[in-house]
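# Notes for the structure review
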Amino acid sequence: MSNENELLASVSDVSTESEFFSPIPAGYKKGKTRYCFVLGTVMSGLGKGILSSCLALLMQNKGLKIAPIKLEGYLNIDSGTLNPFRHGEVFVLDDGMECDMDLGTYERMLNQNLSGANFATSGQIFRAVLDKERHGDYLGRDVQMIPHVTGEVKLKLRKLAMQTDADIVFVEIGGTVGDLENAYYIEAMRELAYEEGPKSCCFIALTYILEPKVLGEQKSKAAQLGIKQIMRCGVQPDIIACRASNPVNIKARQKISIYSNVPVERVISMPDSSSIYMIPAMLKDCGLDFEVARLLNIEDRISLRNERKQWLKWCDFTDKIGQEKHEITIGITGKYTSVRDSYASIINALEHSGIVLGCKVKIKWIETTNITDKTAAEHLSDVDGIIVPGGFGTRGAEGKIACVKYVRENNIPYLGICFGFQMAVIEFARNVCGLKNANSTEIEPDCTQPVINILPEQKKIEGLGGNMRLGGRDIEIKPQTFTHKLFNKSEMVRMRFRHRYEVDPKYIEQLEEAGMLFSGKAPEHPIMQILEIPKHPFFIGTQAHPCLTSRPLKTQPMFVGLVAAAMRKHYPNENMPDCIEAVRKVCNRND
Ligand code: GLN
């Protein structure tokens, strides 16, 4: 047994005799997986997730297997109970995990499905430790932040490494260094780097260079102090990425270099970018990918051939950015209209679709609280298409229904997402089927014509948190429908869900007789998952969230279809392609 393996055996020793405690999953092979830690300094919201995912993409392109993980400081078990207004959208993974929106960035960049193993919160970590304590797993020891809680963090990372057989695990720590709630994560990273040995881990600090207007020059002091904080935790950064509004000048980079022991080539400038999809090229131009490969001593696993091929594919997408020859406006009705992060996936899905169709998509945010049938036209006459996105509760619901009525009657392209699907059913029931009292029991619990009703399985559930109908589900597509053509004649597609209510099966026949068609259903239940109005140029709704699975290299047909239909409406004299044709051209998918 080599010395290194002896160390590993001793640190995994759980006993009252040893001060070492670092549980390691059975079969874990040290050295197989390298770790890249991304930490924030100075302030949050600078794009740690973007930096980490763009770098992860560059490493993935080299043929390396990547597993990202986000570590959140808060005590919630998942992000499901967080208000999107405070924390950005709740992203849902295929396995049903409700997580931070950064996981969406990783999935989009890496074009890879993630799972609950890629997301941890302090709540999950502490729950695991406390469960073990109750189970007697700590053999009479006093349970402490170090080594037990940090041990649990390291265990989570190593389990992820093993499960995914990753070459590199990218670890993003939420918040900024100095936050009390993240301190034990940073300590766990330090310990892991010590245990895994030299060249196994790489620390990347994201910082911010101020450029006050009154001074007219870049100031690096705040960045220096932020980095000092990391060093105080016993962590020496290997790379420092400097966010700023403009390219960071050499003087500022040199100051940071001297202050932090990081060679200036590894103090890189990361100025604002018009699209996050341009950032991988920005990092590549600085040579950051090869720096990381060298730091992790992983160059022998790299395939340059694979890299060339993947990079061409990526550039095929990014070369179209900024080249758009057309422009349309999509209205999005939403409760959280002031916070764009609440709708990050929808904005991304529209961006992807616009880029591949050569069309800039402007977004008009529509606050629906005061919209009525009479005033809808005022708000919607300048949009080429509308999305009613997911939502909960009553506020603004009547206004959304008024918007749906207007776009249905005026042949304006419509995409209803989850709540928006339900609003479309209510509108159609009221105004076409004549069910004047139609509503959702979420909005009106005693409603006499509940066309949208609670899912039977949801009736028994009490409390909140992880108990909606969640995650990826198959959708059976009805042949010969518009939806069927939109999905390239696939009979089964998969999308992600997050809801408690559904179309009440009692009303399906009546709705279909009046001209609404349910073109996508759950395979073994009467749960309606996609609807269309065949007579309308583009009127489609889904109980799912198609935005969650739109990616630059795998655009989502419903979004591409909406943008294509909106282009046709906006440019009636330009012979724009039919939307099915447009989708077929740019969505090369077979699911
Ligand atoms: N509030 C609705 C439901 O629970 C829609 C949910 C959503 O839009 N995500 O069914």
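In short, a report on the structure.

Definitions and limits used
Residues numbered from 1 in each chain as written. Predicted model: local features only at pLDDT ≥ 70, side-chain atom pairs only at ≥ 80, totals over all residues. Heavy atoms only, no water. Pairing = 2+ DSSP bridges. Helix = DSSP H or I, 4+ residues; strand = E, 2+ residues; numbered from the N terminus. Axes fitted to C-alpha atoms, helices over the stretch in contact; angles between N-to-C directions. Contact = heavy atoms within 4.5 Å. Core = buried A, V, L, I, M, F, W, Y, C linked by side-chain atoms within 4.5 Å. Buried < 20%, exposed > 50% of the residue type's maximum accessible area, 1.4 Å probe, protein only. Polar contact = N/O pair within 3.5 Å; in protein donor to acceptor, adjacent residues only side chain to side chain. Disulfide = S-S within 2.5 Å. Near = heavy atom within 4 Å. Areas by Shrake-Rupley, 256 points an atom, 1.4 Å probe, with all protein chains shown as cover. Nonpolar A, V, L, I, M, F, W, Y, C, P; charged D, E, K, R; others polar. Parallel < 35°, antiparallel > 145°, perpendicular 65-115°, else oblique.

## Overview of the sheet that holds strand β7 (residues 201-208)
An order of β5-β2-β6-β1-β7-β8-β9 is seen for the seven strands of this open sheet, with the pairing classed as parallel. In this open sheet, the two edge strands, each paired with only one partner strand, are β5 (119-121) and β9 (267-271). Pairwise comparison of adjacent strand axes, ignoring direction, gives a mean angle of 20° for this sheet. Sheet strands touched by helix α2 (residues 48-61): β1 (34-40), β2 (66-72), β6 (168-173), β7, β8 (239-244) and β9. Its angle to β6, the strand with the most contacts, is close to 175°.

## Some thoughts on the nonpolar core
Ranked by size, the top nonpolar core spans 98 residues in total, and within it Leu-283 and Ile-387 carry the most contacts. If you tally residues by element for this core, the top one is helix α19 (residues 557-570), at nine residues. In terms of nonpolar packing, the next biggest core, distinct from the first, is built from 47 residues, Ile-69, Ile-227, Ile-230 and Ile-256 among them.

## Details of the environment of Thr-481
Position of Thr-481 among the secondary structure elements: in the loop between β16 (469-477) and α17 (482-486). Remark: the alpha-carbon pair of Thr-481 and Leu-357, spanning 124 residues in sequence, is separated by 23 Å. Apart from residues no more than four positions distant in its own chain, Thr-481 is found in contact with Leu-517, Ser-519 and Glu-532. Engagement of the side chain of Thr-481 in a polar contact is seen with the backbone oxygen of Lys-478, the distance being 2.8 Å.

## Considering the state of the cysteines
One pass over the full model with this rule turns up zero disulfides. In this structure Cys-201 is not part of a disulfide, and its nearest cysteine sulfur, from Cys-202, lies 8.7 Å away. Cysteine Cys-359 is unpaired, with the sulfur of Cys-579 as its nearest cysteine sulfur at 13 Å. A relative accessible area of 2% means that Cys-359 is categorised as buried.

## Examining the site of the ligand
Residues in close proximity to the ligand include Gly-390, Gly-391, Phe-392, Cys-418, Phe-419, Gln-422, Glu-442, Arg-498, His-499, Arg-500, Tyr-501 and His-545, which together make up its full environment. At 3.2 Å from an oxygen atom of the ligand is found a main-chain nitrogen or oxygen belonging to Phe-419. Within the side chain of Gln-422, one N or O atom sits 3.0 Å away from an oxygen atom of the ligand. For the ligand, whose unbound accessible area comes to 300 Å², protein coverage reaches 99%. Split by residue class, the shell around the ligand holds four nonpolar, five polar and three charged.

## Concerning the packing of α2 against helix α12 (residues 304-318)
Packing of α2 against α12 leaves a shortest axis separation of 8 Å and a crossing angle of 130°. Considering their axes alone, α2 and α12 lie oblique with respect to each other. Between α2 and α12, the contacting residues are Leu-57, Leu-58, Gln-60 and Asn-61 on the first element and Asn-306, Glu-307, Gln-310, Trp-311 and Trp-314 on the second. A class-by-class count of the residues in the contact of α2 with α12 yields four nonpolar, four polar and one charged.

## As for the side chain of Ser-53
Here Ser-53 lies in helix α2. In terms of polar contacts, Ser-53 uses its side chain to reach the backbone carbonyl oxygen of Gly-49, at 2.8 Å. Beyond its immediate chain neighbours, meaning those up to four positions away, Ser-53 contacts Thr-105, Tyr-106, Met-109 and Leu-110.

## As for the sheet that holds strand β15 (residues 449-454)
By way of backbone hydrogen bonds, the strands of a sheet pair with one another, either parallel or antiparallel. Taken in spatial order, the three strands line up as β14-β15-β18 in an open sheet, and their pairing is mixed. Of all strands in the sheet, those bounded by a partner on one side alone are β14 (438-440) and β18 (501-503). For this sheet the average axis-to-axis angle between neighbouring strands, irrespective of direction, equals 30°. One ladder, built from three bridges, connects β15 with β18; its direction is antiparallel.

## Quick look at the pairing of strand β17 (residues 492-499)
The side chains of a regular strand alternate, first on one face of the sheet and then on the other. Counted residue by residue, β17 has six buried out of eight residues, so it is predominantly covered. As judged from the eight bridges shared by β16 and β17, these two strands associate in the antiparallel manner. When the sheet's bridge partners are listed, Gly-471 is paired in β17 with Phe-497.

## A few points about unusual backbone geometry
Of note, the amide linkage connecting Ile-146 to Pro-147 takes the cis form, showing an omega dihedral of 15°. Take Pro-147: it is sitting in helix α6 (residues 145-164). Although it is not a glycine, Cys-418 adopts a positive phi angle of roughly 55°. Within the element layout of this structure, Cys-418 appears in the loop between β13 (414-417) and α16 (419-431). Using a relative accessible area of 5% as the deciding quantity, one classes Cys-418 as buried.

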